[in-house]
Amino acid sequence: MKDSLWTRGERTTSGALALEDFVPDHDATAVARLRAAGAIIFGKTNLPELGYGPVDEYHFGPTRNPWDPQRFSGGSSMGSGAAVAAGMVPGALGTDTTGSIRNPAAWSGVVGLKPTYGLVPLRGVTPLAASLDHIGPIARSAEDCALLLDVIAGHDPQDPTSAIRGRVPDYASALDGSVRNLRIGVLRDLWAPLPPDMARAMDRGLLVVTTLCERIGDVAVATWDSAAEAGPVLVCCEAAAHHRALLEEHGAELLPQVRERLLVGLDTPATDYVEAQWTAGEVRRELNMLFEEIDVLVLPSRESTAPRMDPTGHRLDSDKGPRYSAPADIAGLPAITIPCGFDDNGLPIGLQLIGRAWGERSLLALAYQFQRETDWHRKHPGLH
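Worth saying up front: this structure is predicted, and the values here are computed from it rather than measured.

(A) Spatial organisation of the sheet that holds strand β9 (residues 335-342). Across the sheet, which stays open at both edges, the eight strands sit in the order β3-β5-β4-β9-β10-β8-β6-β7 with mixed pairing between neighbours. Edge positions in the open sheet fall to β3 (91-96) and β7 (215-219), since each of these has one partner strand only. For this sheet, the mean angle separating the axes of adjacent strands, direction not counted, is 25 degrees. As judged from the six bridges shared by β3 and strand β5 (residues 134-139), these two strands associate in the antiparallel manner. Note on β5: the bridge partner recorded for A92 is I138.

In structure tokens form, the structure reads like this:
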């Protein structure tokens, strides 16, 4: 479990020194459902303080990428992604606010699923930005993600963000369903910034999708970049609201980068937040209209492979990660990253699939059948 998910009787620090002694008296809904299904909670995984990543300082140390210990493993569900990639566990849960399941999954060469907003209850997770937070599985395969989602999805009457009512679909049973008639849209604009080795991997991955689905074409999303820019505004304002008391009472214990971000959130004018919400509404409308014409949107998971970092965890490379991931969170749409190759340094590359709201069955079926045609997800990092 990512250490922002509450575990009854066991510490849940959310990566914060101020919360190092917090022991919840109940499990998060997702944790309780896994326990009831027979899962063994093997441990809690590392994350940036309060899940507010990526940052370059950690109370409990950085998480190293299993493919190269001198590389960053992503934020903020970095510990969950690394634990699965290293073979420590068959599956893990993470949270995704602007990409924090998909980013570490892509950089660690595993599968990460961000479900539709409201499908998996948020009760019992330390919030970052509640209007954007999602809980989802990280595993080695789309099949394992489907099995985990079957357990954790569904309505929780005690959670105001829980949107789905009635019986939840059986995701694992849909994996063998036909994907031939899925209409695929390719967000070609996001191919342009990729280095040549990543672009080649994306093209190979898209070729596999082409063999599975007949109807494929390029599409454009006019509001995509404005949505990515609105994401940090929404997060900093909501995080400041959620953690104001912690900032006031334990500000000296917070890491400087996190404290500064929370202070920026408190100082951000309400008009900026409202305008960011307007932008969020625009991208939701545009994407929902697009998904009347297509079933799955295909794009890269990131614009680079795992960045280098120094021994203390400071990243030496940067990228524009939220551009590739944040719009799906803002629109509340399901998205999955699946391995589709390696760069010239032997680092994993992820292909991202986004679906219409409540479209997890189609996404998982396409991802599963993609993995039946490829073996990238079966590769393991060597020992370091």
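(B) Fine view of the packing of aromatic side chains. Scanning the entire structure with this criterion turns up four aromatic pairs. Ring centres of F370 and W376 lie 6.1 Å apart, and the angle between their planes is 35 degrees; this geometry places the pair in the tilted category. Of the two residues, F370 and W376, neither departs from the other in class, the shared state being buried. Here the guanidinium or amino end of R188 rests over the ring plane of W191, the centre of that ring lying 5.1 Å away. The positively charged end of R261 is found above the aromatic ring belonging to Y52, 5.0 Å away from the centroid.

(C) Spatial organisation of the pairing of strand β8 (residues 296-300). Within β8, five of the five residues are buried, which leaves the element mostly enclosed by the surrounding structure. Sheet topology places β8 next to strand β10 (residues 348-355); five bridges connect them, and they run antiparallel. Bridge pairing in β10 links V298 to L353.

(D) Helix α6 (residues 224-242), seen in detail. Under the 1.5 Å per step criterion, the end-to-end length of α6 is 27 Å for 19 residues, consistent within 8% with the ideal 27 Å. Taken together, the buried positions of α6 are occupied by W224, A227, A228, A230, G231, L234, V235, C236, C237, E238, A239 and A240.

(E) Just the environment of N181, in detail. Take N181: it is sitting in the loop between α4 (142-152) and β6 (183-187). Residues N181 and Q277, 96 residues apart in the sequence, show an inter-C-alpha distance of 35 Å.

(F) Structural context of the environment of S76. Within the element layout of this structure, S76 appears in the loop between β2 (68-72) and α2 (78-85). Along the chain, S76 and D96 lie 20 residues apart, while their C-alpha atoms are 7.9 Å from each other. Within the structure, the side chain of S76 is placed 2.6 Å from the side chain of K2, a separation counted as a polar contact.

(G) Inspection of unusual backbone geometry at higher detail. Note that the residue after G75, namely S76, is joined by a cis bond; omega there is 0 degrees. Phi at L50 takes a positive value of approximately 60 degrees, unusual for a residue other than glycine. Relative to the helices and strands, L50 is located in the loop between α1 (29-36) and β1 (64-65). Overall, L50 belongs to the buried group, its relative accessible area being 3%.

(H) Broad picture of the packing of α6 against helix α8 (residues 256-267). Running from N to C, α6 and α8 point in directions that differ by 95 degrees, and their axes come no closer than 7 Å. Of the possible angle classes, the one that applies to α6 and α8 is roughly perpendicular. Within the contact between the two elements, α6 uses C236, C237, A239 and A240 and α8 uses R261, L262, G265 and L266. For the contact of α6 with α8, the per-class residue count stands at six nonpolar, one polar and one charged.

(I) Examining the side chain of T12 more closely. Structurally, the position occupied by T12 is in the segment before α1. At 3.3 Å, the side chain of T12 forms a polar contact with the backbone nitrogen of T7. At a separation of 3.1 Å, a polar atom in the side chain of T12 contacts the side chain of K44. When sequence neighbours within four positions are dropped, the list of residues in contact with T12 reads D3, S4, L5, W6, T7, L19, F22, P24 and K44.

Here is what the cut-offs are and how they apply
Residues numbered from 1 in each chain as written. Predicted model: local features only at pLDDT ≥ 70, side-chain atom pairs only at ≥ 80, totals over all residues. Heavy atoms only, no water. Pairing = 2+ DSSP bridges. Helix = DSSP H or I, 4+ residues; strand = E, 2+ residues; numbered from the N terminus. Axes fitted to C-alpha atoms, helices over the stretch in contact; angles between N-to-C directions. Phe/Tyr/Trp six-rings, centres within 6.5 Å; stacked < 30°, edge-to-face > 60°. Buried < 20%, exposed > 50% of the residue type's maximum accessible area, 1.4 Å probe, protein only. Lys NZ or Arg CZ within 6 Å of the ring centre and 35° of its normal. Expected span 1.5 Å × (residues − 1). Polar contact = N/O pair within 3.5 Å; in protein donor to acceptor, adjacent residues only side chain to side chain. Parallel < 35°, antiparallel > 145°, perpendicular 65-115°, else oblique. Contact = heavy atoms within 4.5 Å. Nonpolar A, V, L, I, M, F, W, Y, C, P; charged D, E, K, R; others polar.

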